[in-house]
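# Structure at a glance
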Amino acid sequence: MVEDRLLIWKFKLGNRDALRRIYEKYKNELLKLAVALVNDVSTAEDVVQDVFVGFAQSADKIQPRGNLKKYLITCVANRIRNRKRDRQRHETSGIDDLDFAISDVNRPEQWAILSEELALLSNAMAQIPYEQREVVTLYMQGGMTFRQIAKIQNASVNTIQGRYRYGLNKLRSILNSEIDK
Amino acid sequence: MKSADEIKKFFKSAAIDTNPNMDEAVLNKVLIANQKTTNPKSASIVPKLRRIIMKSPITKLAAAAVIVIAVFIGIEQFDTNSSSSVVWADVAERFESVPFFNITIYVGEPATKTKKMEIWRSEDSRIRAHEGNKVFFTDFSKDKNKCTIFDRSTKKLVNGDENLPSFIRRLCGNEGRFSLDTLTKSFPSDVKGIIPLETADTAASNEIVLFRAKAKEIPPEALKIWALRKSKLPIRFFVTPDDGYIDLFFDYSEQKDASFFDPGAFTSQ
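Here we summarise the structure given alongside this text. (Residues numbered from 1 in each chain as written. Chains lettered and ligands numbered in written order. Predicted model: local features only at pLDDT ≥ 70, side-chain atom pairs only at ≥ 80, totals over all residues.)

Residues and elements named next belong to chain B. Interaxial distance between helix α2 (residues 20-36) and helix α5 (residues 88-96) falls to 8 Å at its minimum, and their mutual angle equals 40 degrees. Classified by the angle between their axes, α2 and α5 sit oblique to one another. In this structure, α2 uses Asn28, Leu31, Ile32 and Gln35 to contact α5, whose residues at the interface are Trp88, Ala89 and Glu93. Grouping the constituent residues of the contact of α2 with α5 by class yields 4 nonpolar, 2 polar and 1 charged. (Axes fitted to C-alpha atoms, helices over the stretch in contact; angles between N-to-C directions. Helix = DSSP H or I, 4+ residues; strand = E, 2+ residues; numbered from the N terminus. Parallel < 35°, antiparallel > 145°, perpendicular 65-115°, else oblique. Contact = placed C-beta atoms within 7 Å. Nonpolar A, V, L, I, M, F, W, Y, C, P; charged D, E, K, R; others polar.)

Our focus in this paragraph is α5(B). Residues and elements named next belong to chain B. The set of residues buried in α5 consists of Trp88, Ala89, Val91, Ala92 and Phe95. Buried positions in α5, seen along its axis, are confined to an arc of 165 degrees and lie on one side of it. For α5, the elements touching its buried residues are α2, α7 (180-185), β8 (194-196), β9 (208-213), β10 (223-228) and β11 (234-239). (Buried ≥ 20, exposed ≤ 12 C-beta atoms within 10 Å, placed from the backbone. Arc of directions from axis to C-beta.)

Three- or four-residue spacings in an α-helix give side chains the same orientation, since the helix completes a turn every 3.6 residues. In this model α2(B) runs 24 Å from its N-terminal to its C-terminal C-alpha over 17 residues, within 8% of the 24 Å that 1.5 Å per residue would give. Buried residues of α2(B): Glu24(B), Ala25(B), Val26(B), Leu27(B), Asn28(B), Val30(B), Leu31(B) and Asn34(B), and no others. At its buried positions, α2(B) is contacted by α2 (16-38) and α3 (41-56) of chain A together with α5 and β8 of chain B. (Expected span 1.5 Å × (residues − 1).)

Residue and element names in this part refer to chain B. Residues Ile246, Leu248 and Phe250 of strand β12 (residues 245-251) are buried on one face, while the alternating residues Tyr245, Asp247, Phe249 and Asp251, pointing to the opposite face, are not. In terms of strand pairing, strand β2 (residues 101-108) meets β12 through 7 bridges, oriented antiparallel. Its bridge partner lying in β12, Gly108 is registered against Tyr245. Direction of pairing for β11 relative to β12: antiparallel, over a ladder of 4 bridges. Within β12, the position partnered with Phe237 by the bridge is Leu248. (Pairing = 2+ DSSP bridges.)

With phi around 55 degrees, Asn39(A) is a residue other than glycine that occupies positive phi space. Among the structural elements, Asn39(A) can be located in the loop between α2 and α3. Positive phi, close to 65 degrees, is recorded for Lys232(B), a residue that is not glycine.

Below you can see the structure in the form of structure tokens.
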């Protein structure tokens, strides 16, 4: 926490090494979170890249008091929600979300390299509704509280807890059946 | 997998790694985005902070403690890493901040003799260049697109107010300032970025960083840029478009006198 505050402070004062350190510290975590949310490596990479570029451009808006990790995680979640909304606006085909199957073939300029476990987790997550998936991911991986997630999803804490329970049950049964295979 | 804890463990064990070249390329974009929006207002934070600290003795004490901790953490966390990785944005930015330099350019084309050109830039943005038997003088602080040309041996005016020769224009575009990004963009291919080229961990690689272009049409060996790791200054730029090559060597060691950039002084010598 202290290190993050110092990094934000330096970043706000124009220190490029601080920005570099923030990027190096959080890029993997954000990529993992984005992959779990969208189940598409390429989209996840785009989202995380956009988040870092946006962050780099907003030194004057960021408060050193806040929690940097949660701020960045929220940016990723919001950006994915916006993309999902834009996509749904453009497509009337009834596709539920951004899901694409994860390809085993690595693109030449692929940024994220997924472990087997992460690919399995991402595919399993893709099978649960987006809002439940977001709650489970933000709570389990992002370390956010139900109250914080409730703010992001603009819902009550009870609703979020319900989504978490349903999402977790589904995820558990999917993972169990995948592992049994 | 039964409990939420087990799922949480599975979440944590699901690892992700990244491609180092892409890491650098993305970081480069991030740094460029930051550079474009550098906030000059940040200096105003300091007086604001001082007012808050000076309000009470408790905050004075707390601020002193924070500063001591911050200094320790700062020294440990930053000093060891500050020069370890150099990205293209650093090199491009550093080059634009250099007050004077000399660039020697070699252009090789099939079936022709290798051409040599030289460019000197003064601290006050004046340029002198040599190409074959011609000497070019231009002053970027006045007219960035025009130059005066002399015959090198007779010292007679060949042409006044000519357009800039192409080898200078490639380096400074229409903006009248030397930029490595202008140079990389002047090549007819889709250069999407400049990223570090992985090299063997040798003594030389501790001193020098090697970059390549990220482009479908350019193989890694066809465009290389060498920069000093410590100072982040470019020292060589090599590109092989088609069958020929262009090789630029950068030198920052000698500052020429003002008379060297003066066409009048040149003709009267």
